[in-house]
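# Overview (structure and organization)
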Amino acid sequence: MSGRRWLQAHWHERRLAASLWLLVPFSVLFAGLSALRRLAYRCHWLPSFRLPVPVVVVGNLIVGGAGKTPLTLWLAQSLRAAGWHPAIISRGYRAAQRGPLAVTRDAAPEEVGDEPLLLARRSGVPVWIGRDRVAAARALLARHPEVNLLLCDDGLQHYRLQRDVEIAVFDGRGAGNGWRLPAGPLREPLGRVRRAHILVFNGAPDLRVLKTAPELPGFAMTLVPGEFYRLGQPEQHCPAARFAGRKLHAVAGIADPDRFFRTLTQLGLSFTPHPFADHHAYGTGELAFPEGEVILMTEKDGVKCARLNLGEAWVLPVDAHLPPELIDVLLEMLNGRKAP
């Protein structure tokens, strides 16, 4: 087990592990610095900016993904169906370009980031990246005057951008051990969730989260796998049953690789798991398996591996399923800001 996976495993125990006690002073320092930063924005010592259209931030308190990307896709599609013209802005984590930059379907993942590229290919709405989300949003709106709502992917801590609605996402790991970085997975204290507007649970709800913000509307999200499609040839589809009896290698470079492995197991597949760090940049040698053996990977990994010279490889897309009432609640909160 790598050092990062060892640390994450201990983060998501229900109590602080003894092996992490030495990190507590650093967590106290981190908490103090982040509290000072929030105070600076609250007291207007650091500037924040309001945009001419509503902004909905989708984020989480813990390090790593909790299902933000499929949720953002679902929101974009649902808002379009409701008559809105949404667009998406993202930092573009590990992107070579600082932005602002439009993300096209044929962009290189190392230039724009894996998640923005996936959003651009699947959402059908404009997607822009920029480390300064305000600048990215302004550039997007200048290019797309029809846009009347912005979804900010993973911007909960980007206080420079004012927001109308915050959606906080938690997966089955919940708040982990409840400690701040680096002794725990939290970017901000759990009490920060009270300032959000909507909670989404990708998996069993964490009772600590529910007790912290019992008044917030909460919704369950389920990630439903579709049919596999061939890497580099998305027009070719294949059901899971076709892989029966074959030697399979499951590759996952996401925040919680075990989530992907559990999905494959639920599909009745037997495989050798190959977990990698979130946003891992793959080299061909890392995925050089014997001829005739099959690679299965997440869609997020697929956008990074499409240009690699691999053997037979298939991608498993997933779609978020949520109650339609979430859009009703969201639109009620946005009422008066901008009509579709």
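Everything numeric in this text was worked out from a predicted model, so none of it was measured.

## Here's the deal with the sheet that holds strand β14 (residues 294-298)
- Strand order in this open sheet of six strands is β11-β10-β15-β14-β12-β13, and the pairing throughout is mixed. Where the open sheet ends on each side, the last strands, each with one partner, are β11 (233-238) and β13 (272-275). Direction aside, neighbouring strands of the sheet carry axes that sit 30° apart on average.
- Where strand β10 (residues 228-230) and β11 come together, three bridges link them in antiparallel fashion. Residue pairing in the sheet places Y229 in a bridge with H237 of β11.

## A look at the packing of helix α3 (residues 68-81) against helix α5 (residues 114-123)
- Between α3 and α5, the shortest axis-to-axis distance is 10 Å and the interhelical angle comes to 30°. Relative to α5, α3 is oriented roughly parallel. Read as a crossing pair, α3 and α5 show a hand that is right-handed. Each of T69, T72, L73, Q77 and R80 in α3 lies in contact with α5, whose residues at this interface are E115, L118, L119, R122 and S123.
- Taken together, the residues of the contact of α3 with α5 break down into three nonpolar, four polar and three charged.

## As for helix α10 (residues 325-334)
- Every buried residue belonging to α10 is among L326, I327, L330 and L334, and all of these are buried. In an axial view of α10, the angular spread of the buried residues amounts to 95°, which keeps them on one side of the axis. Opposite the buried face of α10, at more than 90 degrees from it, the exposed residues are D328 and E332.
- On its buried face, α10 is in contact with β1 (55-59), α3, β5 (149-153), β6 (165-171), β7 (198-202) and β8 (218-220).

## What about the packing of aromatic side chains?
- Under the counting rule described, the total for this entry stands at seven aromatic pairs.
- Here the aromatic rings of F228 and F243 are separated by 5.1 Å at their centres, their planes lie at 85°, and the arrangement is edge-to-face. Taken as a pair, F228 in strand β10 and F243 in the loop between β11 and β12 (248-252) lie far apart in primary sequence, 15 residues in all. The exposure classification of F228 matches that of F243, with both residues buried.
- What links up through ring pairs into an aromatic cluster is the set F228, F243 and W314.

## What to know about the packing of α3 against α10
- At a minimum axis distance of 11 Å, the contact between α3 and α10 shows a crossing angle of 75°. Relative to α10, the element α3 lies roughly perpendicular. Contacts between α3 and α10 pair W74, L75, S78 and L79 from the former with L326, I327, L330 and L331 from the latter.
- Class assignment of the residues belonging to the contact of α3 with α10 gives a composition of seven nonpolar, one polar and no charged.

## Details of the state of the cysteines
- Evaluated as defined, the whole model comprises zero disulfides.
- C238 takes part in no disulfide bond, and the closest cysteine sulfur to it belongs to C305, at a distance of 18 Å.

## What about the pattern of salt bridges?
- As enumerated under the stated definition, the model contains 19 salt bridges in all.
- Residues D319 and R122 are paired through a salt bridge, measuring 2.3 Å at the closest nitrogen-oxygen approach. You can see D319 sitting in strand β16 (residues 318-321) and its partner R122 sitting in helix α5, a full 197 residues away along the chain.
- Its relative accessible area of 24% is what places R122 among the partly exposed residues.
- D171 serves as the salt-bridge partner of R173, at 2.8 Å between the closest nitrogen and oxygen.
- In this structure, a network of salt bridges that share partners links the residues R38, R163, E166, E188 and R192.

About the thresholds
Residues numbered from 1 in each chain as written. Predicted model: local features only at pLDDT ≥ 70, side-chain atom pairs only at ≥ 80, totals over all residues. Heavy atoms only, no water. Pairing = 2+ DSSP bridges. Helix = DSSP H or I, 4+ residues; strand = E, 2+ residues; numbered from the N terminus. Axes fitted to C-alpha atoms, helices over the stretch in contact; angles between N-to-C directions. Parallel < 35°, antiparallel > 145°, perpendicular 65-115°, else oblique. Left-handed = near helix turned anticlockwise from the far one by under 90°. Contact = heavy atoms within 4.5 Å. Nonpolar A, V, L, I, M, F, W, Y, C, P; charged D, E, K, R; others polar. Buried < 20%, exposed > 50% of the residue type's maximum accessible area, 1.4 Å probe, protein only. Arc of directions from axis to C-beta. Phe/Tyr/Trp six-rings, centres within 6.5 Å; stacked < 30°, edge-to-face > 60°. Disulfide = S-S within 2.5 Å. Salt bridge = Lys/Arg side-chain N within 4 Å of Asp/Glu carboxyl O.

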